[in-house]
Amino acid sequence: MKRIVNFNSFNVFRIEKEVWDIEYHNHNFYELIIIENGKGIHHLNGVTFPYQKGDVFLLRPSDAHEFTIQNKTRFIYIKFTEDYIRENLLMNKKNELKKIVQLLMEDRSFVYESVIKSKTDREHLLQLSRILLHEFSHKTLYNKEIAADLFSTIFTILTRNTMNNANRKKWVSQNLSRIDRILYYINVNFLDADKMKIENLAKEFMLSSNYISIYIKKETGFSIQQHIIQYKVKAAEKLLIQSNYNISEIADRLGFNDVSHFNKIFKTYRNKSPSVFKKENKTS
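Residues numbered from 1 in each chain as written. Predicted model: local features only at pLDDT ≥ 70, side-chain atom pairs only at ≥ 80, totals over all residues. Heavy atoms only, no water.

Q: A description of the overall build of the chain should follow, citing residues and the corresponding values.
A: On a plain count of helices and strands, the chain comes out with 12 helices and 7 strands. The buried share of the chain, taken over its 284 residues, is 48%. Surface summary for the chain: the accessible area is close to 14800 Å², and the carbon and sulfur share equals 49%. (Helix = DSSP H or I, 4+ residues; strand = E, 2+ residues; numbered from the N terminus. Buried < 20%, exposed > 50% of the residue type's maximum accessible area, 1.4 Å probe, protein only. Areas by Shrake-Rupley, 256 points an atom, 1.4 Å probe, with all protein chains shown as cover.)

Shown next as structure tokens:
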């Protein structure tokens with residue numbers, strides 16, 4: 001799979017396409033994609049759904065996606081790094097909002113559909129993104145400060161909409177099969193040891209404790225524990241590349257027994273140690 005690499009901490013631009021010509025890919029940065037006009041299909045992490053004017057998608061570095069364009073589409077892209085968020089957005093936020101923003105930045109939940117549901121917020125965010133694009137593109141007095149403030153406002157609106165979990169849960173229940181709902185649930189909650197207990201997972205999906213393990217293994221070829229470990233390794237990759245945590249801190253945050261256990265698991269799944277992976281990706 002293609003990986004798009006960007007070395008700027010913040011970038012805003014507009015593109016218009018009649019045909020999508022970028023192969024299925026992920027990035028080394030976070031990305032907000034605003035649909036300024038047009039319609040088509042968005043393919044994100046193996047899930048497909050329609051997009052239209054006003055839709056906004058939040059992509060994390062590990063998210064893989066592409067578009068199928070039905071009507072000529074104009075996109076506004078806002079690309080940013082975790083460092084930019086920390087330095088320009090979290091500094092002036094209240095503690096409660098800081099926690100929510102930090103939660104959004106983690107790879108523990110996929111927001112498949114547009115993150116903006118409110119009609120009013122969709123209109124406001126579209127206008128704000130256009131103003132942000134103008135400020136970013138025109139190097140005038142205080143444009144960086146204005147751009148940072150506009151981005152903070154956009155992200156706060158996005159946060160307000162994203163934390164309305166009712167819409168997300170409804171979409172998941174209506175559009176995903178039972179096995180996909182189980183995998184989605186594991187992906188969201190893999191760091192919660194209590195929710196990942198077999199009996200609690202089985203109760204959540206109204207299956208017997210004995211059967212759910214058999215069912216998941218039969219449908220996916222992997223055990224529940226293997227899925228949890230894969231999500232942990234995926235999260236570890238993100239933290240190794242984009243955070244300032246050392247390997248011991250990452251092992252602790254992801255619930256590994258110790259650094260030795262983390263090293264062993266990571267090497268089993270990625271054929272290299274966490275330190276080698278970090279070195280290779282930091283220099284690339």
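Q: Quick one: what's the story with helix α6 (residues 178-189), residue by residue and with numbers?
A: Relative to the 16 Å expected for 12 residues at 1.5 Å per residue, α6 spans 16 Å between its end C-alpha atoms, a close match to the ideal helical length. Buried within α6 are the following residues: I179, I182, L183, Y184, Y185, I186, N187 and N189. (Expected span 1.5 Å × (residues − 1).)

Q: Please provide a residue-by-residue account of the nonpolar core, values included.
A: In summary, soluble globular proteins display a tendency toward joint burial of nonpolar side chains. Ranked by internal contacts, the top residues of the largest apolar core, which has 32 residues, are I186, L201 and I216. Of all the secondary-structure elements, those providing two or more residues to this core are α6, α7 (198-204), α8 (209-220), α9 (224-242), α10 (247-253) and α11 (259-270). The biggest single contributor to this core is α9, with 10 residues. Once residues within four sequence positions are removed from consideration, I216 is found in contact with I179, I182, I186, L201, G221, F222, I224 and H227. Within the second largest apolar cluster, 28 residues are counted, among which are L32, L133, A147 and L158. (Core = buried A, V, L, I, M, F, W, Y, C linked by side-chain atoms within 4.5 Å. Contact = heavy atoms within 4.5 Å.)

Q: Can you explain the environment of D180? Please cite residues and give values.
A: Here D180 shows up in helix α6. Separated by 133 residues in sequence, D180 and V47 place their C-alpha atoms 9.9 Å apart.

Q: I'd like a description of a nonpolar patch on the surface, backed by residues and values.
A: Together, L141, Y142 and I146 give the surface a local cluster of nonpolar side chains, amounting to about 340 Å² of exposed area. Checked against the element boundaries, L141 lands in the loop between α3 (119-137) and α4 (143-162). (Patch = residues over 30% accessible without salt bridge, like charges linked within 9 Å, V, L, I, M, F, W, Y side chains within 5 Å. Salt bridge = Lys/Arg side-chain N within 4 Å of Asp/Glu carboxyl O.)

Q: Please provide a residue-by-residue account of the pairing of strand β4 (residues 30-44), values included.
A: Taken across its 15 residues, β4 has 12 buried, putting it largely inside the fold. As paired strands, β4 and strand β7 (residues 65-80) are joined by 13 bridges and run antiparallel to one another. Residue pairing in the sheet places I33 in a bridge with Y77 of β7. Of the strand pairs in this sheet, β4 and strand β6 (residues 56-59) are connected by 4 bridges, and their pairing is antiparallel. Within the sheet, the bridge partner assigned to I33 lies in β6 and is F57. Examined bridge by bridge, β4 and strand β5 (residues 47-51) share 5 bridges and lie antiparallel to one another. Bridge pairing links H43 to T48 in β5. (Pairing = 2+ DSSP bridges.)

Q: Can you break down the pattern of salt bridges residue by residue, with the values?
A: Enumeration over the complete set of coordinates arrives at 11 salt bridges. One salt bridge in this structure joins D21 and K17, with 2.7 Å as the shortest N-O distance. Sharing partners across several salt bridges, the network here consists of R14, E16, E36, R74 and R130.

Q: Lay out the packing of aromatic side chains with the relevant residues and their values.
A: Under the criterion given, the structure shown has 23 aromatic pairs. Between the aromatic rings of F80 and F155, the centroid separation amounts to 5.9 Å while the plane-to-plane angle is 90 degrees, which identifies the pairing as edge-to-face. Here F155 lies in helix α4 and F80 lies in strand β7, a separation of 75 residues in the sequence. Relative accessible area serves as the criterion here: at 0%, F80 is assigned to the buried category. Since its relative accessible area comes to 1%, F155 is described here as buried. Measuring from ring centre to ring centre gives 5.0 Å for F256 and F262, while their planes differ by 45 degrees; the resulting arrangement is tilted. The residues F256 and F262 share a single accessibility class, namely buried. Taken together, the aromatic side chains of F13, W20, F49, Y51, F57, F67, F75 and Y77 make up a single cluster linked through ring pairs. Directly above the ring of W20 sits K17, whose terminal nitrogen or CZ lies 6.0 Å from the centroid. One residue, K139, lies across the ring of F136, its end atom 4.4 Å from the ring centre. (Phe/Tyr/Trp six-rings, centres within 6.5 Å; stacked < 30°, edge-to-face > 60°. Lys NZ or Arg CZ within 6 Å of the ring centre and 35° of its normal.)

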